[in-house]
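# Commentary on secondary and tertiary structure
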Amino acid sequence: VQLQASGGGLVQAGDSLRLSCAVSGGTFSIYAMGWFRQAPGKERELLTGITWRGNTHYADSVQGRFTISRDNAKNTVYLQMNSLKPEDTAVYYCAADKSWPLTREMEYWGKGTQVTVSS
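## Let's talk about the pairing of strand S4 (residues 32-38)
A large share of S4 lies buried, amounting to six of its seven residues. Looking at chain direction, S4 and strand S9 (residues 90-97) are connected through seven bridges and run antiparallel. Each residue of the ladder has a partner; that of Arg37, found in S9, is Tyr92. Inspection of the sheet shows S4 paired to strand S5 (residues 45-50) by five bridges, in the antiparallel sense.

Shown next, in the form of structure tokens:
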């Protein structure tokens, strides 16, 4: 299973950004998907996850600002990020696992995409 994240970039505080993660090489619908981030000098943080049925959970740090969704027909999971803050600056990763709830020990990982939020 391969995961390819895209959509990162440099934005200003208050802006929005949407990340995408395309999955190939496996049966997408059996996997729960998650988005993580890692800032310099910090541990990787689980932000949000979604089951194949669409059940979701969010970390307190992004609840109400970030929205995860998935399109099982396109084998893609999305992360809509609104009201971005400088502290959201990090490398963002998508990941897949058959288990739920998600943990940091995910079965498959994509390469990260950099998100930088300027003040």
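## Re the state of the cysteines
Evaluated as defined, the whole model comprises one disulfide. Two residues share a disulfide in this structure: Cys21 and Cys94, whose sulfurs sit 2.1 Å from each other. Taking the torsion about the S-S bond as the criterion, the Cys21 to Cys94 disulfide, at about 60°, is right-handed. In this pair, Cys21 sits in strand S3 (residues 17-24) while Cys94 sits in strand S9, placing the two residues 73 residues apart along the sequence. Here the two residues Cys21 and Cys94 agree in accessibility, since each one is buried.

## Notes on the sheet that holds S3
Pairing is antiparallel in the open sheet, where four strands are placed in the order S1-S3-S8-S7. Of all strands in the sheet, those bounded by a partner on one side alone are strand S1 (2-6) and strand S7 (66-71). Across this sheet, the average inter-strand angle for adjacent strands is 15°, counted without regard to direction. In terms of strand pairing, S1 meets S3 through five bridges, oriented antiparallel. Bridge pairing links Gln2 to Ser24 in S3.

## As for the environment of Met81
Mapped onto the elements, Met81 comes out in strand S8 (residues 76-81). Here Met81 falls in the buried class, since its relative accessible area comes to 0%. C-alpha of Met81 to C-alpha of Leu19: the two residues are 62 residues apart in sequence and 7.9 Å apart in space. Here Met81 is in contact with Asp15, Ser16, Leu17, Leu19, Arg65, Phe66, Tyr92 and Val115, once residues within four sequence places are set aside.

Cut-offs and rules
- Residues numbered from 1 in each chain as written.
- Predicted model: local features only at pLDDT ≥ 70, side-chain atom pairs only at ≥ 80, totals over all residues.
- Heavy atoms only, no water.
- Buried < 20%, exposed > 50% of the residue type's maximum accessible area, 1.4 Å probe, protein only.
- Helix = DSSP H or I, 4+ residues; strand = E, 2+ residues; numbered from the N terminus.
- Pairing = 2+ DSSP bridges.
- Disulfide = S-S within 2.5 Å.
- Axes fitted to C-alpha atoms, helices over the stretch in contact; angles between N-to-C directions.
- Contact = heavy atoms within 4.5 Å.

In short, geometric facts, not functional conclusions.
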